[in-house]
Amino acid sequence: MAVLEIKTFPSEILKQKARPIDYMDKDIRKLSKNMGETMYEKKGIGLAAPQVDASLRLITYDIGDGLCILINPKIIKGEGEIKGEEGCLSVPEVRLEIPRYEVVKVTGLNLNGEEISFEAKGLLARVIQHEIDHLNGNLILDKVSKLKRELAVRKLKKILSGR
Ligand code: ZN
């Protein structure tokens, strides 16, 4: 297992739409395990494959119930709207208020290639929506007003240039 490098804004891969995964093989399993390890090491609660330079539809998350890996995740239904602060390992030290569905119905595949479907609410719903955004090339910066984005980008550039 290995801790992977996290791509940060404005990396090109973070803007791309990630490819669906057609079959499960040992590379996908290895990537998932490494993403899990990276997520724990960096103290994130979710991670999407494009953030570790793999343009694939694969996400990991753990909101305290253990590591979950979801392949080709999709939101098939969303209800309600709730605002909440979010951060992102690819947008370090920036917190932005983002509106999300309160409850979502999610489908996807597990590591055995079996289809799974479940309902998520609260923090879990928020994390899954955030990670699926990554698969579609969207960051939290893309979900706020132009002014808020500009302020956040300015702060981010300062932080990243000091690294
Ligand atoms: Zn993120």
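Residues numbered from 1 in each chain as written. Predicted model: local features only at pLDDT ≥ 70, side-chain atom pairs only at ≥ 80, totals over all residues. Heavy atoms only, no water.

Undergrad: Break down the overall build of the protein for me, with residues and values.
TA: Secondary structure assignment for the protein yields 3 helices and 7 strands. Secondary structure elements of the protein occur, N-terminal to C-terminal, as α-β-β-β-β-β-β-β-α-α. For a compact globule of 163 residues, the expected C-alpha radius of gyration is about 15 Å, and the protein comes in at 15 Å, within 12% of that figure. Summarising its shape, the C-alpha atoms of the protein cover approximately 45 × 35 × 30 Å along the three principal directions. Sequence-distant contacts in the protein: of pairs separated by 6 or more residues, those separated by 24 or more amount to 64%. About 9000 Å² of surface is accessible on the protein, with carbon and sulfur atoms providing 49% of the total. Between the averaged position of the 28 positive side-chain charges in the protein and that of its 24 negative side-chain charges there is a distance of 5 Å. (Helix = DSSP H or I, 4+ residues; strand = E, 2+ residues; numbered from the N terminus. Rg over C-alpha atoms; globule rule 2.2 N^0.38 Å. Contact = heavy atoms within 4.5 Å. Areas by Shrake-Rupley, 256 points an atom, 1.4 Å probe, with all protein chains shown as cover. Lys, Arg positive; Asp, Glu negative; His and termini not counted. Charge placed at Lys NZ, Arg CZ, Asp CG, Glu CD.)

Undergrad: Talk me through the coordination of the zinc ion; I want residue IDs and the actual numbers.
TA: For the zinc ion, every protein donor is listed as C88 (SG), H130 (NE2) and H134 (NE2), and the spread of their distances is 2.0 to 2.2 Å. Mapping the donors of the zinc ion onto the primary sequence yields the spacing C-x41-H-x3-H. In this pair, H130 and H134 are both assigned in helix α2 (residues 122-135), 4 residues apart and thus about one turn of the helix distant. According to the relative accessible area criterion, H134 is buried, its value standing at 1%. (Donors = N, O, S within 2.8 Å, 3.2 Å for Na, K, Ca; no water. Buried < 20%, exposed > 50% of the residue type's maximum accessible area, 1.4 Å probe, protein only.)

Undergrad: Residues and numbers for the nonpolar core, please.
TA: General note: in soluble globular proteins, nonpolar side chains tend to be found buried as a group. L31, L58 and I71 are the most contacted members of the largest nonpolar core, which has 17 residues in total. Listed by contribution, the elements that provide at least two residues to this core are α1 (26-41) and β3 (68-79). Top contributing element to this core by residue count: α1, with 4 residues. With near-sequence residues (within four places) excluded, L31 lies in contact with L4, A49, V52, A54, L56 and L58. Of all hydrophobic cores here, the second largest spans 15 residues; its members include F9, L14, V94 and V144. (Core = buried A, V, L, I, M, F, W, Y, C linked by side-chain atoms within 4.5 Å.)

Undergrad: Which residues make up the state of the cysteines, and what values do they have?
TA: Put plainly, a disulfide is one covalent bond tying together the sulfur atoms of two cysteines. The tally for this structure, following the rule as stated, stands at 0 disulfides. Lacking any disulfide linkage, C68 is separated from the closest cysteine sulfur, that of C88, by 19 Å. (Disulfide = S-S within 2.5 Å.)

Undergrad: Pulling in residues and values, what's your account of the pairing of strand β5 (residues 91-100)?
TA: Bridge analysis of strand β4 (residues 82-88) against β5 gives 6 bridges, and the strand direction is antiparallel. Across the sheet, K83 pairs through a bridge with P99, a residue of β5. The loop that links β4 with its antiparallel partner β5 comprises 2 residues. (Pairing = 2+ DSSP bridges.)

Undergrad: Would you mind going over the pattern of salt bridges in detail, with residue names and values included?
TA: Applying the stated criterion across every chain, the model contains 8 salt bridges. Between D142 and R149 there is a salt bridge, with its nearest N and O atoms 2.6 Å apart. Residues joined in a network through salt bridges with shared partners are E86, R100, R126, D133 and K143. (Salt bridge = Lys/Arg side-chain N within 4 Å of Asp/Glu carboxyl O.)

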